[in-house]
Each structure stands twice: as structure tokens, then as C-alpha cells.
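Take a look at the letters that make up each chain.
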Amino acid sequence: MKHVVGAIEAGGTKFNCAVVTEQREVLAEARIATTTPEQTLREARAFFESSFHALSALGISCFGPIDLDISSPTYGYITETPKSGWRNTDVIGAFKQMDIPVAFDTDVNGAAFGEHKFGAAQDLHTFAYYTIGTGIGGGGMFAGQLLHGLTHPEMGHVFLPQRDDDRSFEGICPYHAGCLEGLASGPALQKRWGTTAENLPEDHPAWDLEAHYIALALVNTICTISPQRIILGGGVMSQGVLFPLVRQKVLSLLNGYIHHPTLVQEMNSFIVPPALENRSAIFGAAAMALTSTDCDKRFL
Ligand code: ADP
Ligand code: ZN
């Protein structure tokens, strides 16, 4: 039977909603502004209900933090988000009336799953996906399973040693002095250099420092989960000089310690952009929904 599923990329500024087939055809799509939870979730549900397709399941790649503990009374909620009005929002509950399985995960795990099914991480069992944009988030898979634990990873909030020439910068994370997001997100670049990231020319010293912080985080991830590949997405990575700089700095920080031919000869295919460009999370949500139609109980 040909499955048709609903997919949502739930972000802090917009909810992208799509009706998608098993063959990754998009039958309908809508962009809904993220306003109040009531209005946004109601409009999203109305879009699916009016789509004239019988949906087998719904997948949601959601901004967070979120509750992924299936035994928790707040499973499927956005929990402690700083996003105004969205704290303790029951996201899954808003779609209960549709009476279909709902797959739910972080936006970055959703994007990672999209890349695993259709993009740059096909055939890999262990990889990391980062988005470097307004915030920094990370997800991925370990031994064939999306990364989950007590809750979900918060790879944007790892602590990094601040470079000597950047010691006076306070960072922008309200929770931590010196975490990756605080030092290297788009708003951190803007605060440090006084102009938006897209306005910084490619020969600006901002990019060497940015690549240094990203590389430090990647080396920590390489040493922790030994990923077969690392995918870097998000608006900040649109700056073309970053990929070569990050690859070079990762190699230099590793300093020859990890012996694998990939890390020396295939760096260009080890640290890569998402193959689905900015569609990873929405296609990942569709892929999660398709997986849930195969009776993956985690999602029911
Ligand atoms: P979000 O994280 O909000 O979903 P994006 O991934 O598009 O959105 O990231 C937005 C951030 O990316 C902003 O801080 C912006 O300044 C930065 N950005 C957008 N385009 C570029 C560019 N070409 N070069 C560097 N930074 C960029
Ligand atoms: Zn932080």
C-alpha cells in the first residue's frame, strides 16, 4: 500500500507542514508563522485535515527542549524553552483528534533522520548532524539508533576553551559562559563583530575563530561517538570559507591521534553539508512518520 504521511518542521519562526508520499513526493505544503501555540498548532492541524489525503501517520521535527520520555506525563511536550509562550506546550496532543500515530523528535534528530533516509548519511550507522544558525543544535545516530538518552543531546551547549584572542567575549548563551552556541551561533557572531554574519566578508578574522570553535566541538564529538561522517547545516555554514577551514582545523586539532584513512584522505566527504539542503528536517519528519507506520512502538 502506498503510504501518505504528514510532516512538520516546527521551528521558532515558522512551522513548515507537508503531505509527503513514500517516494518523497510533496503533495501539499504550507508555511505557518510561529505565533501562539494555540493558533499555530490549530492552523497546522487544519492544513492536514483539509489536505484530502488519508494520512497514515504524522512526523514532527520540533524545536526544543522537548520531552521524549514515552513514560513521562509530558511526553510530546516542548518543555523549558526560552521561546515566549511556548513553555510546557503539548505538541503531540494538538494532533490527537487526527487519530494517527505521531512520531516526534528534535529538529536536529529529525534532520539527521532525513539525511539518513535520503541524503548524506545513507548507509551509515553512526554520524552527527549539527545546525549552526540562530542557535546551535546537534543530533545524529549511534549504532543505527537516533541519539536519545535521559532526554536528547544538547550538542550546542558543550563547553569550549575560549581562544586567547577572544577571552573578553562573554558569549550569548543565558545559561553558560563559553558554550558552543554562546560563542559561535549567528547571534554570537553579530554580537562579537557588530554586524550580521552574512555581512562579514570571507577574509574577515571572524571566520578563522568561528571555524576554530566549530572544529573544537567536532573533535569532541569525534572522540566521543566516533562518527562515520559529520553533517553541518544551518545559515552560518552558508559562508563558503567555513567548510575548508573547519576540515583543516579538525585535522590539526586531532594531531594525528586517531588513525583512520577517512580522517586524512577523505576529509572532504567526512565533514559535509546536508544533501537535502534546508529540507532535511521536513523530509526527516516524513521519514519518521513512515517508520511509525511500520509499527515502531516508540512512536505510538
Ligand atoms: P534558524 O537557525 O533560525 O533556523 P538559519 O539556519 O537560517 O535559521 O540561521 C540563521 C543564522 O544564519 C543567522 O544568524 C544569520 O545571520 C546566519 N546566516 C544566514 N546567511 C548567512 C550567510 N550567507 N553567511 C553567514 N551567516 C549567515
Ligand atoms: Zn549554552
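Reading guide: rules and limits
Starting afresh in each chain, residues are numbered from 1 along the sequence in its written order. Just so you know, chain letters begin at A and ligand numbers begin at 1, following the order they were written in. Note on the predicted model: pLDDT of at least 70 is required for a residue's local features to be given, and 80 or more for side-chain atom pairs to be given and counted; whole-chain, interface and lining totals, by contrast, use all residues. In computing side-chain properties, one takes all heavy atoms of the structure into account and sets aside hydrogens as well as water. Distances up to 2.8 Å from the metal define which N, O and S atoms are donors, and 3.2 Å serves for Na, K and Ca; water is absent from the atom set, so sites may look incomplete. Geometry assignment treats four donors as tetrahedral when all angles are between 85 and 135 degrees, treats four as square planar and six as octahedral when opposite donors are over 155 degrees apart and all others between 65 and 115, and treats everything else as irregular. Any residue under 20% of the maximum accessible area for its type is buried, any over 50% is exposed, and the rest in between are partly exposed; the area is computed with a 1.4 Å probe on protein chains only. Definition of nearness: a residue and a molecule or strand are near each other if at least one heavy atom of the residue lies within 4 Å of the molecule or strand. Within 3.5 Å is the distance limit for a polar contact, defined as a pair of N or O atoms, with the added protein rule that one can donate a hydrogen and the other accept it, and that residues adjacent in sequence qualify only through two side-chain atoms. To be clear on the numbers: accessible area is Shrake-Rupley with a 1.4 Å probe, and residue cover counts the displayed protein chains and nothing else. Three categories are distinguished: nonpolar for Ala, Val, Leu, Ile, Met, Phe, Trp, Tyr, Cys and Pro, charged for Asp, Glu, Lys and Arg, and polar for the others, with Gly belonging to the last. By salt bridge we mean one thing: a side-chain nitrogen of Lys or Arg within 4 Å of a carboxyl oxygen of Asp or Glu. Numbering goes from the N terminus for both helices and strands, where a helix is a DSSP run of H or I of at least four residues and a strand is a run of E of at least two. What makes two residues a contact is simply this: any of their non-hydrogen atoms within 4.5 Å.

Draft legend 1. Layout of the coordination of the zinc ion (ligand 2). Distances from the zinc ion (ligand 2) to its protein donors, namely H157 (ND1), C173 (SG), H176 (ND1) and C179 (SG), fall within the range 2.1 to 2.4 Å. Taken together, the 4 donor atoms coordinating the zinc ion (ligand 2) and their angles of 104 to 117° define a geometry best described as tetrahedral. Between consecutive donors of the zinc ion (ligand 2), the numbers of intervening residues give the motif H-x15-C-x2-H-x2-C. Under the relative-accessibility criterion, H176 is labelled partly exposed at 23%. Given the relative accessible area of 0%, C179 is considered buried.

Draft legend 2. Representation of the site of ligand 1 in the model. Taken together, G133, T134, G186, P187, A197, E198, W207, G234, G235, V236, S238 and Q239 make up all the residues around ligand 1. Contact between ligand 1 and G235: an oxygen atom at 2.8 Å from a main-chain N or O atom of the residue. Separating an oxygen atom of ligand 1 from a backbone N or O atom of V236 is a distance of 3.4 Å. Notes on ligand 1: free accessible area 580 Å², of which the protein chains cover 61%. For the shell around ligand 1, the class distribution of residues is 4 nonpolar, 7 polar and 1 charged.

Draft legend 3. Up close: the pattern of salt bridges. Scanning the model with the defined rule gives 8 salt bridges in all. Salt-bridge contacts for D165 lead to R163; the nearest nitrogen and oxygen are separated by 3.0 Å. On the basis of relative accessibility, which here comes to 57%, the residue D165 falls in the exposed class. Residue class for R163 comes out partly exposed when judged on its relative accessible area of 21%. With its nearest N and O atoms 2.9 Å apart, the salt bridge here joins K249 to D208.

Draft legend 4. Up close: the side chain of T21. Along the polypeptide, T21 turns up in strand β2 (residues 14-21). The buried category is assigned to T21, whose relative accessible area is 2%. Ignoring anything within four residues of it in the chain, the contact list for T21 reads K2, H3, V4, L27 and L290.

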